[in-house]
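Structural overview for review
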Amino acid sequence: MHLRTVSGSIAPLAALALMTLALTACTSSTALVTSRTQGYEISDSAQAQIRSGQSQQLVQLVLGSPQSTNAFGDQTAWYYIQTKVRQTAFGMTMIDSRTVLAVYFDKNKKVIDKAVYSLKDGKSVTIETRRTQSFGEDRTFIDQILQSF
């Protein structure tokens, strides 16, 4: 049986594939990270339109529905949250900035104050991972089934 070698024709194909890969890596390097805004787009002009004495309806007309609300006593607060993030092609998300616009209302549903908070104003809260011990045994679902026989 006669074997034919094709090593002479593989070298140009390999060089072409390597060059294509290198050029693809150069052109797509800027597409590895995308920037976007999560939540509201809070513009400076919209913030400037919110003044003391305005009604909740006017605030809703200018800013839209709030992302979160809070009631304390006879006062309420509306929160509009804007988060600017960068996300890599590999799914890693990095927060660039966060702005929280808080609009405070009195009992008559009129604006009494507004405040703008950023990431610097926030505090990290650690989540407690300890478990409360229960009386008895910790058994898996399979253990419970097997012990019932």
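Quantities reported herein were computed from a predicted structural model and do not represent experimental measurements.

Some remarks on the nonpolar core
Counting 11 residues, the largest nonpolar core is built from I42, A46, I50, V59, L63, W78, Y80, L101, V103, F105 and V111. Those elements giving two or more residues to this core turn out to be α3 (56-63), β3 (75-88) and β4 (93-105). Per-element tally for this core: the top contributor is β4, with three residues. Membership of the second largest hydrophobic core comes to six residues, among which are Y79, V100, Y104 and A115.

Concerning the pairing of strand β2 (residues 68-72)
Examined bridge by bridge, β2 and β3 share five bridges and lie antiparallel to one another. Residue pairing in the sheet places S68 in a bridge with Y79 of β3. Hairpin connection of β2 to β3: two residues between the antiparallel strands, including G73 at a positive phi of 65 degrees.

Structural notes on α3
Every buried residue belonging to α3 is among Q56, V59 and L63, and all of these are buried. Seen along its axis, α3 keeps its buried residues to an arc of 60 degrees; they face one direction. Exposed and facing more than 90 degrees away from the buried side of α3 are Q57 and L61. For α3, the secondary structure elements touched by its buried residues are α2 (44-49), β3, β4 and β5 (111-118).

Points about the pattern of salt bridges
A side chain of one charge can pair with a side chain of the opposite charge if their charged atoms are brought near each other. Here the structure, examined in full by the defined rule, presents one salt bridge. As a salt-bridge pair, R86 and D96 come within 2.8 Å of each other at their nearest N and O atoms. With R86 in strand β3 and D96 in strand β4, the pair connects residues that are 10 residues apart, well separated along the chain. Using a relative accessible area of 32% as the deciding quantity, one classes R86 as partly exposed. Residue classification places D96 among the partly exposed positions, given a relative accessible area of 41%.

A closer look at a nonpolar patch on the surface
On the surface, F141, I142, I145, L146 and F149 cluster together to form a nonpolar patch covering roughly 620 Å² of accessible area. Take L146: it is sitting in helix α4 (residues 141-147). Under the relative-accessibility criterion, L146 is labelled exposed at 55%.

What counts and what doesn't
Residues numbered from 1 in each chain as written. Predicted model: local features only at pLDDT ≥ 70, side-chain atom pairs only at ≥ 80, totals over all residues. Heavy atoms only, no water. Core = buried A, V, L, I, M, F, W, Y, C linked by side-chain atoms within 4.5 Å. Buried < 20%, exposed > 50% of the residue type's maximum accessible area, 1.4 Å probe, protein only. Helix = DSSP H or I, 4+ residues; strand = E, 2+ residues; numbered from the N terminus. Pairing = 2+ DSSP bridges. Arc of directions from axis to C-beta. Contact = heavy atoms within 4.5 Å. Salt bridge = Lys/Arg side-chain N within 4 Å of Asp/Glu carboxyl O. Patch = residues over 30% accessible without salt bridge, like charges linked within 9 Å, V, L, I, M, F, W, Y side chains within 5 Å. Areas by Shrake-Rupley, 256 points an atom, 1.4 Å probe, with all protein chains shown as cover.

The values are spatial; any link to function lies outside them.
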